[in-house]
Amino acid sequence: MTMLDWTRRAACLDLDPELFFPITVEGPGQTQVEQAKRICAGCPVRRPCLDYAISTAQADGVWGGTDPAQRRELILTAPPRETVPARPPRGDR
């Protein structure tokens, strides 16, 4: 199984990718973004899609039902990830 197996179950699989990557998110592009988000709303793999977009820093397009501005906001407001402290050098024990 590969990391992107979820894509085979995506609601957008057989749709024109251009729908999810409008030239602009304003004006006529806003209608396109809204249409793409409606498709995402019923998608069974919406969360893995959004996780992929965030983890790979997708700056364009509709992913997991979010536009680029919404993903930036999610990243900015996400709680910091817990990190594991580095091991001290062997000489400092």
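Residues numbered from 1 in each chain as written. Predicted model: local features only at pLDDT ≥ 70, side-chain atom pairs only at ≥ 80, totals over all residues. Heavy atoms only, no water.

A. Quick look at the UniProt feature "binding site: [4Fe-4S] cluster" (unreviewed entry) in the chain. Summarizing the sequence annotation, UniProt attributes the feature "binding site: [4Fe-4S] cluster" (unreviewed entry) to Cys 12, Cys 40, Cys 43 and Cys 49 in the numbering used throughout. On the basis of their most widely separated C-alpha atoms, the annotated residues across 38 residues gather in one place, lying no more than 10.9 Å apart. Here Cys 12 lies in the segment before helix H1 (28-41). Looking at Cys 12, the relative accessible area reads 33%, which means it is partly exposed. For Cys 12, the contacting residues outside a window of four places in its chain are Phe 20 and Ile 39. Looking at where Cys 49 falls in the secondary structure, it is placed in helix H2 (residues 46-55). (UniProt positions renumbered as here; feature names shortened; annotations may be inferred. Helix = DSSP H or I, 4+ residues; strand = E, 2+ residues; numbered from the N terminus. Buried < 20%, exposed > 50% of the residue type's maximum accessible area, 1.4 Å probe, protein only. Contact = heavy atoms within 4.5 Å.)

B. Structural detail: the nonpolar core. One finds Trp 6, Ala 10, Cys 43, Val 45, Cys 49, Tyr 52, Ala 53 and Trp 63 forming the largest nonpolar core, which totals 8 residues. Leave out the neighbours within four places in its chain, and Trp 63 touches Phe 21, Cys 49, Leu 50, Tyr 52, Ala 53, Gln 58 and Arg 71. Leu 19, Val 33, Cys 40 and Val 62 belong to the second-largest nonpolar core, a separate cluster that totals 6 residues. (Core = buried A, V, L, I, M, F, W, Y, C linked by side-chain atoms within 4.5 Å.)

C. Summary view of the environment of Thr 31. Here Thr 31 lies in helix H1. Between the alpha carbons of Thr 31 and Leu 19 there is a distance of 9.9 Å; along the sequence they are 12 residues apart.

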